Amino acid sequence: MVSRSTLKKQALPGRVAPSPRQPQSKWLSLDWYARKLSPSAQACIPLALIIVLAWGVGANAQTPSAAELNEKLSTLTVGLDTMWVCIAGFLVFFMNAGFGMLETGFCRQKNAVNILSKNLIVFALATIIYWAVGFAFMFGDGNLFIGLNGFFLSGADNSPATGDDYQGIFSALSWTGVPLAAKFFFQLAFAGTAATIVSGAVAERVKFVDFLIFSLLLVGFSYPITGHWVWGGGWLTKMGFWDFAGSNVVHAAGGWAALMGAAFLGPRIGKYTADGTPSALPGHNMSIAMLGCLILWLGWFGFNPGSTMSVGNGALMAHIIVTTNTAAAFGGVAATFTAWGLLGKPDLSMIINGILAGLVAVTAGCAFVSIPSSAVIGAVGGVLVVLAVGFFDRIMIDDPVGATSVHLVNGIWGTLAVGLFAVGPSDAAGALYAEGLGPIKGLLLGGGFQQLWYQFVGVMSVGGMTVLLSSIFWLALKSTLGIRVHEEEEIMGLDISEHGMEAYSGFIKDSTGSVPSSGGLSSGVKTY
């Protein structure tokens, strides 16, 4: 029922019914903002719109040009390469911990502090002498024999400029686009490794002060001179010799210096009987020796891949990682079965040294050989290290940790292996290296004897110079200070006699220096 009032309203003349409209959103209604927002909040709306508009205009105005984009990309590339070189240098630096633990575990308890001290201080000494003169002798511009510029890292240098854009005194390193400080640190880590190799071979009887002086002379003079021949633009480089990451430059050179030190020092008391038969002097802690091996294995992933000194597209770096790891694996397995066959037991010390032998052997050719070739190189290295330990024992070269067998013998083998297994340069897609960036094809891949001859000359020249200089250093120290501790000090142990402390205070230790006369297994030195 309709009320009267309603009918009255409908009957009024001139009244028109409202037409239907679409409802308006409150977000688009200014009245809604006026009712809901305070005056200060209302004032913020146009201000926000102005800011957004200004941002848009500014972003459009700041669109970089092609030249600016290239500059930013170049800066990013330098930063990325520098980060990679530094990380690789950190890994090589950490190898000092591996060497320290390995050598300490392979030697006797009474000499642990002495060995740890040598492995710690040697890098500090290497840093000082390499910064002062070593880097200049090795990489400074000079002649084909030695560098003569860049002492204390001083002199002209516009790194990270490369190639024809480089203007400075370190032309030998102008191929890598990283700052000079990054170049120096990475090469310093390598120099410290060469000195650390010597520590193990002269362990348990060398005077601490003599080892320090010898390390300074090795890193400051001997190592940089021979290194300049290969990596500093010297005469071996011009000839066609190649050593990518240092089988010859670092490991064989350190091994030669270690061999001369062990020879001039003579064997440890109790190592040989009156008739020259070797006796076992077992290491005291194979646990830390094994851990040292794993640290070194890890560090080698900076040692070899880091020698690219750039990231690139990552392909070469990845290839080197795989060849390095493959050689280590095959070296460890080959040494295990070789020692098992000769000694009747799978000796842990030989497994450790087999892995290290494979790593040393592949270091020269890791960027130049295929993965199957790296397996062969590592396997041969594993066999060689077992045989070499017995050989040095028979000629009465007492090397407590097998440093000469690992670094010298397999440094030589790995260097020669480049002349056997190098794939050769190629411009094809996916090739390892182009013309001028690596060795010619190796003998076993149809390349003839030429590269093998270059490698042989490099081995003999670096070895000859290192033996000469090391002999001069050791003989000079022997005639002035004396290089060996007294017999009573050796029997007591160098921890007490040289440092006045013990690594394992309160533990029972062997202080007599005597050992059973029967042959057997030992850590790093074996009887056959």
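Quick note: structure is the one above.
Residues numbered from 1 in each chain as written. Predicted model: local features only at pLDDT ≥ 70, side-chain atom pairs only at ≥ 80, totals over all residues. Heavy atoms only, no water.

Peer 1: Requested: an account of the overall build of the protein, with residues and values cited.
Peer 2: Each helix and strand counted, the protein has 17 helices and zero strands in total. Counting over 528 residues, the protein shows a buried share of 51%. Of the accessible surface of the protein, which amounts to about 23500 Å², a share of 68% is contributed by carbon and sulfur atoms. (Helix = DSSP H or I, 4+ residues; strand = E, 2+ residues; numbered from the N terminus. Buried < 20%, exposed > 50% of the residue type's maximum accessible area, 1.4 Å probe, protein only. Areas by Shrake-Rupley, 256 points an atom, 1.4 Å probe, with all protein chains shown as cover.)

Peer 1: Give a description of the packing of aromatic side chains that names residues and reports values.
Peer 2: With the rule as written, the count across this model stands at 24 aromatic pairs. Between Tyr-130 and Phe-135, the ring centres sit 5.9 Å apart and the planes meet at 75 degrees, which makes this aromatic pair edge-to-face. One exposure class covers both Tyr-130 and Phe-135, and it is buried. With a centroid separation of 4.1 Å and an interplanar angle of 20 degrees, the aromatic rings of Phe-190 and Phe-303 are classed as stacked. Residue Phe-190 is found in helix 6 (residues 180-201), and its partner Phe-303 is found in helix 10 (residues 286-303); the two are separated by 113 residues along the sequence. Judged by relative accessible area, Phe-190 falls into the buried class, the value being 1%. (Phe/Tyr/Trp six-rings, centres within 6.5 Å; stacked < 30°, edge-to-face > 60°.)

Peer 1: Can you explain unusual backbone geometry? Please cite residues and give values.
Peer 2: With glycine set apart, most residues show a phi of negative sign, and most peptide bonds adopt trans. Cis geometry marks the peptide bond from Ser-159 to Pro-160, where omega comes out at 15 degrees. Counting through the fold element by element, Pro-160 comes out in the loop between helix 5 (112-139) and helix 6. Positive phi values are uncommon outside glycine, yet Leu-153 reaches one of about 60 degrees. Position of Leu-153 among the secondary structure elements: in the loop between helix 5 and helix 6. For Leu-153, a relative accessible area of 23% puts it in the partly exposed group. Positive phi, normally seen in glycine, also occurs at Met-396, with a value near 65 degrees. For Met-396, the location among the structural elements is in the loop between helix 13 (371-394) and helix 14 (403-421).

Peer 1: Break down the nonpolar core for me, citing the residues and quoting the values.
Peer 2: Counting residues in hydrophobic clusters, the biggest one holds 107 residues, and the most contacted among them are Tyr-130, Phe-139, Val-198, Tyr-223, Trp-231, Leu-356 and Trp-474. Setting aside residues no more than four positions away along its own chain, Leu-356 makes contact with Leu-102, Cys-293, Leu-296, Trp-300 and Val-406. Counting nine residues, the second-largest nonpolar core is a separate cluster that includes Trp-256, Ala-262, Leu-408 and Val-409. (Core = buried A, V, L, I, M, F, W, Y, C linked by side-chain atoms within 4.5 Å. Contact = heavy atoms within 4.5 Å.)

Peer 1: Tell me about empty space enclosed by the protein, residues and numbers included.
Peer 2: Taken as a whole, this structure holds three cavities of 30 Å³ or more when the rule is applied. In this structure, the largest cavity spans a volume of roughly 70 Å³. In terms of lining residues, the largest cavity is bounded by Phe-99, Leu-102, Glu-103, Thr-196, Ile-197, Asn-353, Leu-356, Val-401, Gly-402, Ala-403, Val-406 and His-407. Breaking the lining of the largest cavity down by element, the ones donating at least two residues are helix 4 (66-106), helix 6, helix 12 (348-363) and helix 14. Per-class residue counts for the lining of the largest cavity are seven nonpolar, four polar and one charged. (1 Å grid on protein atoms, 1.4 Å probe; cavity = no way out; pocket = protein on both sides within 12 Å on 5 of 7 lines; lining within 4 Å. Points joined across faces, edges and corners; volume = space filled by probe spheres on them. Nonpolar A, V, L, I, M, F, W, Y, C, P; charged D, E, K, R; others polar.)

Peer 1: Can you break down the layout of surface pockets residue by residue, with the values?
Peer 2: To find leftover empty space, a probe the size of one water molecule is rolled over the atoms. Put simply, the largest pocket is a space of about 1200 Å³. The wall of the largest pocket is formed by 46 residues, among which Trp-175, Trp-242, Phe-244, Ser-307 and Leu-437 lie closest to the centre. Taken together, the elements giving at least two residues each to the lining of the largest pocket come down to helix 6, helix 7 (208-231), helix 8 (235-239) and helix 11 (315-343). Grouping the amino acids of the lining of the largest pocket by side-chain chemistry returns 24 nonpolar, 19 polar and three charged. Of the volumes computed, that of the second largest pocket is approximately 170 Å³.

Peer 1: For a nonpolar patch on the surface, give the residues involved together with the corresponding values.
Peer 2: The grouping of Leu-47, Ile-51, Val-52 and Trp-55 at the surface amounts to a nonpolar patch, some 440 Å² of accessible area in total. On the secondary structure map, Trp-55 appears in helix 3 (residues 39-61). Of the residues examined, Trp-55 reaches a relative accessible area of 64% and is grouped as exposed. (Patch = residues over 30% accessible without salt bridge, like charges linked within 9 Å, V, L, I, M, F, W, Y side chains within 5 Å. Salt bridge = Lys/Arg side-chain N within 4 Å of Asp/Glu carboxyl O.)

Peer 1: Explain the side chain of Thr-104 to me, using residue names and the numbers behind them.
Peer 2: Considering the arrangement of structural elements, one finds Thr-104 in helix 4. Setting aside residues up to four positions removed in sequence, Thr-104 forms contacts with Ala-112, Ile-115, Leu-116, His-284 and Ile-288.

Peer 1: Residues and numbers for helix 12, please.
Peer 2: Given a rise of 1.5 Å per residue, 16 residues ought to cover 22 Å, and the 23 Å separating the end C-alpha atoms of helix 12 matches this to within 8%. Of all 16 residues in helix 12, 14 are buried; the element is thus mostly enclosed. (Expected span 1.5 Å × (residues − 1).)

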